[in-house]
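# Working through the structure, step by step
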Number of protein chains: 2
Amino acid sequence: MNDPTIHPVLLCGGSGTRLWPLSRKALPKQFAPLIGNKSLLQLTLERLSALNRTITCVASEDHRFLVREAMENARTEGRQILEPMPRNTAAAMAAAALLAEPDDLLLFAPADHHIPDAALFAATVREGVDAALAGRIVTFGVAPSFPSTAYGYIEAAGPTGHGESRVVARFVEKPTASVAESLILHGGYCWNAGIFLVQARTLVAALRTHAPDILAACERAAAAVSVDGSFLRLDREAFEGCRGESIDYAVLEKHAGVAVVRFEGTWSDVGSWNAVALLHPADDAGNRLSGMASALRSRNTFVHAPHRPVVALGTEDLIIVDTPDAVLVAGAGCAEQVADVVRMLSLEGKAVATEHRRVVRPWGAYDSVDMGERFQVKRLTVKPGGKLSLQMHHHRAEHWIVVKGTARATRGGEVQLVRENESIYLPSGTIHRLENPGKTMLEVIEVQTGGYLGEDDIVRFDDTYGRCAAIELRGGGAERPAAQSMVSPPPAVETGIAATASA
Amino acid sequence: MNDPTIHPVLLCGGSGTRLWPLSRKALPKQFAPLIGNKSLLQLTLERLSALNRTITCVASEDHRFLVREAMENARTEGRQILEPMPRNTAAAMAAAALLAEPDDLLLFAPADHHIPDAALFAATVREGVDAALAGRIVTFGVAPSFPSTAYGYIEAAGPTGHGESRVVARFVEKPTASVAESLILHGGYCWNAGIFLVQARTLVAALRTHAPDILAACERAAAAVSVDGSFLRLDREAFEGCRGESIDYAVLEKHAGVAVVRFEGTWSDVGSWNAVALLHPADDAGNRLSGMASALRSRNTFVHAPHRPVVALGTEDLIIVDTPDAVLVAGAGCAEQVADVVRMLSLEGKAVATEHRRVVRPWGAYDSVDMGERFQVKRLTVKPGGKLSLQMHHHRAEHWIVVKGTARATRGGEVQLVRENESIYLPSGTIHRLENPGKTMLEVIEVQTGGYLGEDDIVRFDDTYGRCAAIELRGGGAERPAAQSMVSPPPAVETGIAATASA
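For every chain, the first residue of the written sequence is number 1, and numbering continues from 1 along that sequence. Written order determines the labels here, with chains lettered from A and ligands numbered from 1. In keeping with the model being predicted, local features are shown solely for residues with a pLDDT of at least 70 and side-chain atom pairs are shown and tallied solely at 80 or more, while totals for entire chains, interfaces and linings include all residues. Excluding hydrogens and water, the side-chain values take into account all heavy atoms of the structure.

### Brief notes about the overall build of chain A
Secondary structure elements are taken from DSSP: a helix is a run of H or I of four residues or more, a strand is a run of E of two residues or more, and numbering for both begins at the N terminus. Secondary structure summary: chain A contains 14 helices and 28 strands in total. In summary, chain A has a C-alpha radius of gyration of 25 Å against a globular reference of 23 Å for 503 residues, a match within 12%. Taken along its principal axes, the extent of the C-alpha atoms in chain A is 75 × 60 × 40 Å. For chain A, contacts bridging at least 24 residues in sequence account for 67% of all contacts bridging at least 6. Residue-level accessible areas treat just the shown protein chains as cover; the underlying method is Shrake-Rupley with a 1.4 Å probe. Only carbon and sulfur atoms are counted for the fraction: they give 50% of the accessible area of chain A, which is about 19,900 Å². Separation between the mean location of the 50 positive side-chain charges and that of the 58 negative ones in chain A comes to 2 Å. Only C-alpha atoms enter the radius of gyration, while the globule expectation follows 2.2 Å times N to the 0.38, with N the number of residues. Note on definitions: a residue-residue contact is assigned when non-hydrogen atoms from the two residues lie within 4.5 Å. In this tally Asp and Glu are treated as negative and Lys and Arg as positive; neither His nor the chain ends contributes. We put the charge of a Lys on NZ, of an Arg on CZ, of an Asp on CG and of a Glu on CD.

### Brief notes about the relation of the copies chain B and chain A
Of the transformation superimposing chain B on chain A, the axial component is 0.0 Å and the angular component is 180 degrees, with the fit at an RMSD of 0.1 Å. Taken together, the turn and the small shift mark the pair as related by a two-fold rotation axis. Across chain B, the smallest distance between a C-alpha and the rotation axis is recorded for Val369(B), namely 3.0 Å. In this assembly, 100% of the residues forming the interface of chain B have copies in chain A that are likewise at the interface, indicating an isologous arrangement. What sets the superposition is a least-squares fit of C-alpha atoms, and only residues with pLDDT of at least 70 in both copies go into it.

### Some details on the domain arrangement of chain A
Residue and element names in this part refer to chain A. Domain assignment breaks chain A into domain 1 (6-143 + 191-263), domain 2 (278-352) and domain 3 (358-501). Residue ranges labeled as domains rest on an automatic or database domain assignment. Just the C-alpha atoms count here: the centres of domain 1 and domain 2 sit 30 Å apart. Summing the contributions of domain 1 and of domain 2, the shared interface buries around 1,100 Å²; its carbon and sulfur component is 69%. When the buried surface of domain 1 facing domain 2 is broken down by residue, Arg18, Trp20 and Arg24 rank first, second and third, together holding 56% of it. Basic side-chain nitrogens of Lys or Arg form a salt bridge, by our definition, when they fall within 4 Å of a carboxyl oxygen of Asp or Glu. The interface formed by domain 1 and domain 2 holds two salt bridges in total. Ionic pairing is found between Arg24 and Asp325, a salt bridge with its closest N-O pair at 2.8 Å. When two components associate, each loses some accessible surface as probed by a 1.4 Å sphere; the sum of these losses over both components is called the buried area.

### Considerations on the sheet that holds strand β25 (residues 423-426) of chain B
Residue and element names in this part refer to chain B. Pairs of strands are assigned from DSSP output, requiring at least two bridges between the strands. An order of β18-β19-β20-β27-β22-β25 is seen for the six strands of this open sheet, with the pairing classed as antiparallel. Strand pairing shows two members of the sheet lacking a second neighbour, β18 (358-361) and β25, which therefore form its edges. Sheet twist, expressed as the average angle between the axes of neighbouring strands with direction ignored, equals 20 degrees. Judged from the seven bridges that link them, strand β19 (residues 364-371) and strand β20 (residues 375-382) form a sheet pairing that is antiparallel. For Asp367, the partnering residue across the bridge sits in β20 and is Arg379. To obtain each axis, a line is fitted to C-alpha atoms, and for helices this fit is confined to the stretch in contact; angles are then taken between N-to-C directions over 0 to 180 degrees.

### Comments concerning the interface of chain B and chain A
One frequently used descriptor of interface size is the decrease in accessible area upon assembly of the parts. Listed per partner, the contact involves 59 residues of chain B and 59 residues of chain A. Together chain B and chain A conceal approximately 4,400 Å² of surface at their shared face, both sides included; 60% is due to carbon and sulfur atoms. Area buried by chain B at its contact with chain A is led by Val311(B), Leu313(B) and Asn421(B), which between them contribute 14% of it. Where chain B meets chain A, there are 10 salt bridges. One salt bridge in this structure joins Asp340(B) and Arg297(A), with 2.8 Å as the shortest N-O distance. In the analysis that follows, any N or O atom pair within 3.5 Å is treated as a polar contact, provided that within protein one partner can donate a hydrogen and the other can accept it, and provided that, for residues neighboring in sequence, both atoms belong to side chains. Linking chain B with chain A are 32 residue pairs in polar contact (both at pLDDT 80 or more), by the criterion used here.

Structure follows, in structure tokens:
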């Protein structure tokens with residue numbers, strides 16, 4: 001059996017607080033542009049598309065549009081299994097296995113790792129196929145390049161008889177520095193990268209043996225799955241009751257039939273700013289500069305500066321990360337403590353702990369570029385075909401100035417095209433909608449004026465992306481409906497709009 | 001002779017690159033909001049107004065409106081002597097002395113020092129009056145609090161017989177650390193703060209003796225001074241020929257009749273970020289945080305963060321300065337090398353070396369809040385009574401949305417009021433003007449669209465602040481006239497506008 005179909009399944013559930021302020025709860029690291037303006041998710045999708053262009057992603061409900069956008073950008077297709085809440089890797093993999101065909105050969109991979117050599121990776125994965133088809137869970141272990149204390153290790157024993165794969169003797173949790181050194185010297189160990197090739201039926205059987213409660217909860221969640229286009233929503237109540245555990249603890253460490261194939265290429269889990277720094281070339285003084293960064297008399301300083309000039313002067317062993325609305329400066333030895341910063345800011349009630357200034361929406365994105373006492377300026381970017389919801393604000397008026405592309409604007413009962421360099425005014429209380437009917441990106445400067453500018457001053461009448469009802473109530477983004485204050489629009493206008501909106 | 005009138009003269013010519021990125025050539029440190037949102041110039045004016053509310057400022061032509069605005073904010077009045085180019089303190093003081101009455105008792109002081117105890121300062125100045133009236137140049141020496149190597153020292157000898165003043169034995173240039181220690185141990189030395197009380201005739205006589213060429217050049221520059229309201233413009237050609245030298249080198253170190261009065265209060269020349277840091281209280285770990293700064297496991301870290309959250313994690317002996325368009329992170333030991341950063345950025349042709357995103361104009365200010373391929377968004381703030389020039393652009397259209405206050409807008413032949421939440425569109429080629437006819441600040445969001453958005457696409461027809469002609473050609477700010485491409489506007493429109501503008 002040569003080259004059977006491999007079905008990649010990407011695990012996109014990470015919350016990624018360790019790369020704050022680039023990565024935040026609303027836009028975790030796998031979705032943030034990190035390498036050459038591409039996200040790790042998109043790079044991972046591109047890498048796996050060498051094996052199969054149809055890919056399943058398991059992701060949070062909150063990130064469904066980010067996942068779909070990344071899949072479009074990577075020119076891949078497939079389904080998104082949506083978790084109503086995070087329940088760690090065992091549940092995510094169980095759900096995906098249960099929603100696949102029993103014979104399917106599934107390649108599980110985290111969405112937020114960096115593996116530059118896609119061809120070598122694909123070849124290594126294929127080395128594991130025979131062992132997987134023989135009923136083993138095949139892990140891919142990374143040949144270690146230094147005695148890391150940040151990764152778990154896998155000890156390989158003798159060959160399985162299937163290609164290059166070897167029997168796994170044991171898993172070693174993150175070791176101390178001295179243990180890590182001895183593992184490296186020993187030579188028979190590799191890093192556990194959390195990448196697995198396994199037939200769906202094999203994984204389900206292993207779960208039934210080692211974690212029957214997780215399997216049972218996921219069976220209920222998958223049996224009651226609701227289908228919404230490419231979105232497969234797991235049943236909330238059933239999934240909520242599932243135990244959250246990693247696949248390593250739940251299954252692999254207890255399972256006899258685990259094999260390992262060694263991957264000899266470069267790999268990073270991009271798990272800290274120090275790991276991100278290593279993705280950039282160093283100058284003679286060990287500085288790693290990206291974007292608009294400069295350094296003078298500095299050593300071993302990493303600067304992430306995509307937006308503005310950032311200058312490091314006489315710094316040493318330092319990490320500097322600039323984003324449009326927050327800056328982090330950290331000693332290189334403290335890179336693993338960035339999550340503590342997020343906790344501190346959250347305790348202080350600062351939105352910047354979890355939210356970005358630029359917010360991604362199914363229709364595109366918006367960025368708050370200026371704000372005053374009674375006004376706010378946003379740049380809206382609407383994708384070709386993108387449609388904001390049909391909506392109304394009680395307390396604010398809006399001015400839209402089209403600065404790129406052509407907009408279709410609904411205002412009360414009329415629909416009109418607004419072209420580049422044209423503007424339209426939407427008084428408060430007017431039902432309106434913005435759409436991009438064109439084939440190129442639409443950019444609009446929106447100036448909001450009024451005594452109250454909160455994002456919750458919105459009444460939504462229709463939405464292409466199904467955001468009128470319960471989903472968006474959980475979301476909490478820019479366009480949450482006014483949950484408590486939902487009012488009827490003026491009947492005359494509503495009638496006019498209804499006709500328009502259905503047109 | 002008790003309490004004769006003291007005439008303060010503020011020297012505002014410093015370029016202040018050592019506080020980049022807050023201080024830049026276009027807005028040097030004395031004009032930047034540094035302490036409780038006030039500039040050092042405003043604080044200095046407020047301090048000196050205890051002696052006399054009529055104050056003369058010597059400043060660069062480029063900064064004339066900044067000086068006038070600070071004088072208004074400090075509720076002081078007086079004249080601004082404008083230098084066409086910098087020529088150091090001897091020339092600035094010579095010009096001021098020549099433009100004063102010979103008997104005037106002039107108090108020369110830098111505009112960018114911090115002296116919190118205004119009452120003690122005024123009392124100390126008055127201690128020097130008798131010696132100054134007796135024909136001495138009286139310096140004020142600061143009682144040193146540590147063996148600084150950043151300041152020059154003054155050695156005091158016996159009393160002059162006039163109050164607390166003593167004869168100056170000698171001036172000591174910035175010493176080495178060990179010399180500084182011995183000066184402090186000796187006890188007879190104080191820091192040279194560059195503050196002088198002297199009768200105009202005394203200073204002129206001393207210049208005639210020690211620096212006759214400087215005096216002669218300044219006599220020519222002052223004789224040909226042109227008066228423009230409160231602005232006194234020194235003659236460009238004469239002043240250009242003047243030697244640039246400090247008053248210390250040119251006169252004081254050679255002059256016999258110098259006295260010193262000791263000032264026992266707190267003083268800082270705010271000459272580096274370390275000096276700025278010391279103006280903020282330290283927490284238990286020695287961190288000094290301002291604005292939206294936080295620190296976690298950091299020590300001796302200064303963070304200037306007026307605009308956005310800036311977090312220092314595990315940093316030590318560090319300076320972090322955030323501005324809307326540039327960030328500096330410097331080792332505390334490198335604070336004196338910030339000017340090197342400015343040189344480096346200038347060599348790289350980066351505007352951020354010398355320009356700010358927010359640009360101050362005589363009518364108010366503008367801030368570039370967003371920019372795209374074919375558009376730009378600015379927030380314009382227009383002071384009550386402020387008027388932008390009557391102007392026209394060839395390549396860009398403008399949308400103005402009034403978000404605060406009321407605007408008077410001239411468009412072609414019509415003049416109309418545009419109120420909060422109203423907008424107006426100005427097609428390219430249309431002659432237009434924005435004014436604030438009200439009593440409160442006017443804020444306007446300006447969206448520019450077009451294929452060319454350079455600040456030099458402007459034809460100016462009339463300007464309240466005299467910026468139509470040569471001055472603005474030297475300036476290089478936002479509203480430089482199209483020097484090479486000055487064209488006639490369409491005659492019909494021009495006629496309409498001319499009538500309007502004179503109304």
